[in-house]
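An overview of the molecular structure
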Amino acid sequence: MTGSHGSGRKTALEDRPAIDPPAWFTEQANQADPSVYDTFEREWPACWEQAADLLEWEESYDTVLDDEDGPPFEWFAGGTLNASYNCIDRHLPERKNQLALIWEGHGESRTYTYRELSREVNAVAAALRERGVEEDDVVTIYLPMVPELPVVMLACVRLGVVHNVVFAGFSSGALAERMERTGSELLVTCDGYYRRGSAVAQKNKADNARIAVEQDVSVVVLDRLGRDVHLGKDYYDYATLRDAHDGETVDPVPRDAGDTLFRIYTSGTTGEPKAVDHTTGGYLSHVAWTSESVLDIKPTDTYWCSADIGWITGHSYIVYGPLALGTTTVLYNGTPDHPEKDRLWDIVERYAVDVFYTAPTAIRAFMKWGEEYPARHDLSSLRLLGTVGEPIDERAWQWYREHIGGGDAPVVDTWWQTETGAILVATLPGVDAMKPGAAGKPLPGIQTEVVDPAGEPVDRGEAGELVVTRPWPGMPRALRTGEDWGKSLVHGDEWRYYPEDGATVDGDGYVTFLGRIDDAINVAGRRFSTMELESAIAGVEGVAETAVVGADHATTGTAVYAYVSPEGNCAEADLEKRIEAAVERAIGSVATPEAVIFTPDLPKTRSGKVMRRLLTAVANGDELGDTSALRNPEILGELQSATPDR
Ligand code: 6R9
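Now for a quick tour of the structure. (Residues numbered from 1 in each chain as written. Predicted model: local features only at pLDDT ≥ 70, side-chain atom pairs only at ≥ 80, totals over all residues. Heavy atoms only, no water.)

What the protein chain contains, in helices and strands, is 21 helices and 33 strands. Radius of gyration (C-alpha) of the protein chain: 24 Å, near the 26 Å computed for a compact globule of 646 residues. Projecting the C-alpha coordinates of the protein chain onto the three principal axes gives extents of approximately 70 × 60 × 50 Å. Relative to all contacts within the protein chain whose residues are 6 or more apart in sequence, the contacts with residues 24 or more apart total 72%. Across the protein chain, the mean location of the 58 positive side-chain charges is 4 Å away from that of the 106 negative side-chain charges. (Helix = DSSP H or I, 4+ residues; strand = E, 2+ residues; numbered from the N terminus. Rg over C-alpha atoms; globule rule 2.2 N^0.38 Å. Contact = heavy atoms within 4.5 Å. Lys, Arg positive; Asp, Glu negative; His and termini not counted. Charge placed at Lys NZ, Arg CZ, Asp CG, Glu CD.)

As structure tokens, this is what we get:
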């Protein structure tokens, strides 16, 4: 359980000062109507027609939400549509020659107009159909950030085929597990790709996965490295297949609103990958509406989300949301510091990016590298900044706004999950004031509560667990149909979804996230949220990034171990003193770290989330367990030797 759960103690995070969005922003914002919250409340669930209206339906729906007697919930029941049609075809009459994709790779770049994207997607859809793929089959895609990744995704959904994208950085074992669970018989991959200037042998990993699974798998291989790889039986060359069907058109297959659009796996609490199936009508409506109202995306924009399409953020806010709105979406294959630490700002300047969406972990890295890198570039095209993935502390928020947003671009912190499909909590930048450190209010139509372990609402300002108390259009199939997902779903006659995040709500209804509910530290009977401690430490000048964990302690039960990655040249002894003082100020001396451990970097997953489980193991001198999800395993030895003996 999180934070000061049930202890009655108010958290230090409530009632932050609010910053109004500038007038120049609200004047042009897609969503600038303050009555949107009331309208959505009054007209719920019919309000979500606004989202569905952003799409073109083949057959219009009869009911917005069929929820009589709880699950199964049918969003937009009776409606049919095709996502590929919505992301491509319907834009052609108005903007066939506008760019749909800008791809920036390793020493190369490529662009696709909507017309060119349409040609690619149709050719690949025709090729997949010829390979025998049929509606509702699952095709696994194991590609890095290359334009062919969204092309194959859109080709699949054109045919009503379910795609299952597996992040390219995952191992062959992880790929095999996902393919086997899904029963997928076609895999699209590539020979390899460049990362930090060296080639990754992607096909080798795919080969190993293919022989590890029970079913027979055919493999389509995209040539990225030009190295003339051998393609054996059941292997096909992507370009040959595509070229054989170039110029063909494939009619988009109408799908029921509730039909699966794609499957994506996420980490479950059990340690086994958890399949999340998102729907065609509800999901697409929800991502389109949030792309418009939260990210303020306009068709004329150049929009860039720096996530990888292999994660939900890339599915929703690189591919489906932006393309459904007919904008230009940027794809970047590379790292933010290669060849130089100003790589991202160079891209923003070169393409005059209007809206930029990234993760707090990236922002903390930018802070660590220093403001001189963004300062080298003209970033004045940026109108709005977004963040997602983790809580963002106030200092990182301010740094982002100041050094990337020119001091006045609104910053939206967006809370959501693989399971929610699209944003549920954020500030509407054209309507709401921003509170740095707090994510924002539940979006119009979204209802949440913060509850104690018994499921009872806590008082305002107190910490508890967030629960979503009403269905939302982007909800996945399992939640729609009532499949048992942990403690979620029907309790008595109430329906609830538990995202397993700790939170507090302030007097204005703004939600501050406190981290996953399992990230709590109990020192001498008092519970502290790691986020609360981290936010105090991250506010200290000279701290680039921090993660706090609990280590077993003979007297207090648990002691606070703070792992800190300092900025550039910072005297550690002095920094340690200031960190202790900051924790004392924010929370009290009861929470003063037992140990402050300096490290050049924190252990992170490939999606950039700090792996606290590993830090807890290091702090306790325990076995580390599975480290395969780590992006930087080389850091572990150093962390172990820097951690004091216990
Ligand atoms: C989109 C994505 C979901 C978990 C979620 C929460 C954390 C995401 C956040 C945030 C605080 C935010 N999270 N956004 N915490 N503020 N703005 O990241 O999906 O990979 O499934 O992770 O990430 O803990 O439960 P996913």
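There is more to say after this.
Attention shifts here to the environment of Arg 612. Within the secondary structure, Arg 612 is located in helix α20 (residues 612-620). The sequence separation of Arg 612 and Gly 78 amounts to 534 residues, and the corresponding C-alpha distance is 45 Å.

This part is about a negative patch on the surface. Residues Asp 66, Asp 67, Glu 68 and Asp 69 make up a contiguous surface patch of negative charge. Mapping Asp 67 onto the fold places it in the loop between β1 (63-66) and β2 (74-77). Since its relative accessible area comes to 30%, Asp 67 is described here as partly exposed. (Patch = residues over 30% accessible without salt bridge, like charges linked within 9 Å, V, L, I, M, F, W, Y side chains within 5 Å. Areas by Shrake-Rupley, 256 points an atom, 1.4 Å probe, with all protein chains shown as cover. Salt bridge = Lys/Arg side-chain N within 4 Å of Asp/Glu carboxyl O. Buried < 20%, exposed > 50% of the residue type's maximum accessible area, 1.4 Å probe, protein only.)

Take the pairing of strand β27 (residues 501-505) next. A large share of β27 lies buried, amounting to 5 of its 5 residues. Neither face of β27 is left uncovered, since the one carrying Asp 501, Ala 503 and Val 505 and the one carrying Gly 502 and Thr 504 both have all their residues buried. Here 5 bridges tie β27 to strand β28 (residues 511-516), and the two strands are oriented antiparallel to one another. Bridging across to β28, Thr 504 finds its partner in Thr 512. Between β27 and β28, which pair antiparallel one after the other, the connecting turn spans 5 residues, and Gly 509 there sits at a positive phi close to 85°. (Pairing = 2+ DSSP bridges.)

One way to put it is that helix α6 (residues 114-130) packs onto helix α7 (residues 148-158) with a least axis distance of 8 Å and a crossing angle of 60°. On the basis of the axis angle, α6 is oblique to α7. Regarding α6 and α7, the two cross each other, and that crossing is right-handed. Here α6 contributes Leu 117, Glu 120, Val 121, Asn 122, Val 124, Ala 125 and Leu 128 to the contact with α7, which in turn contributes Val 151, Val 152, Leu 154, Ala 155, Cys 156 and Arg 158. For the contact of α6 with α7, a count of residues per class yields 10 nonpolar, 1 polar and 2 charged. (Axes fitted to C-alpha atoms, helices over the stretch in contact; angles between N-to-C directions. Parallel < 35°, antiparallel > 145°, perpendicular 65-115°, else oblique. Left-handed = near helix turned anticlockwise from the far one by under 90°. Nonpolar A, V, L, I, M, F, W, Y, C, P; charged D, E, K, R; others polar.)

This part takes up the state of the cysteines. As enumerated under the stated definition, the model contains 0 disulfides in all. Free of any disulfide, Cys 190 has its nearest cysteine sulfur in Cys 156, 16 Å distant. The thiol of Cys 305 is unpaired, and the distance to the nearest cysteine sulfur, on Cys 87, comes to 15 Å. (Disulfide = S-S within 2.5 Å.)

On to α7, then. In terms of residue burial, α7 counts as a mostly covered element, since 11 of its 11 residues are buried. Gly 160 sits one or two positions beyond α7 and adopts a positive phi of about 75°.

On to the sheet that holds strand β33 (residues 595-598), then. As summarised here, the arrangement of the 3 strands in space is β31-β32-β33, forming an open sheet in which the pairing is mixed. The two strands at the open ends of the sheet, each matched to only one other strand, are β31 (543-553) and β33. Averaged over all neighbouring strand pairs, the angle between strand axes comes to 25°, with direction disregarded. When β31 meets strand β32 (residues 557-566), the two strands line up antiparallel, connected through 10 bridges.

Close to the ligand lie 16 residues; Asp 413, Thr 414, Thr 418, Arg 516 and Lys 609 are nearest. At 2.7 Å, a backbone N or O of Thr 414 approaches a nitrogen atom of the ligand. One of the side-chain nitrogen or oxygen atoms of Thr 418 is found 2.5 Å away from an oxygen atom of the ligand. Taking 530 Å² as the accessible area of the ligand by itself, protein coverage stands at 89%. Contributing elements (two or more residues each) for the shell around the ligand: α12 (312-324), β20 (411-414) and β28. Of the residues contributing to the shell around the ligand, the split by class is 6 nonpolar, 5 polar and 5 charged. (Near = heavy atom within 4 Å. Polar contact = N/O pair within 3.5 Å; in protein donor to acceptor, adjacent residues only side chain to side chain.)

Once that is clear, we can look at the environment of Thr 329. Looking at where Thr 329 falls in the secondary structure, it is placed in strand β17 (residues 328-332). For Thr 329, a relative accessible area of 0% gives the class buried. Residues Thr 329 and Asp 38, spaced 291 residues apart in sequence, show a C-alpha to C-alpha distance of 32 Å. Once residues lying within four places of it in the same chain are set aside, the contact partners of Thr 329 are Ala 100, Leu 101, Ile 102, Tyr 303, Ile 318, Pro 322 and Leu 323. From its side chain, Thr 329 meets the backbone oxygen of Ile 318 in a polar contact 3.0 Å long.

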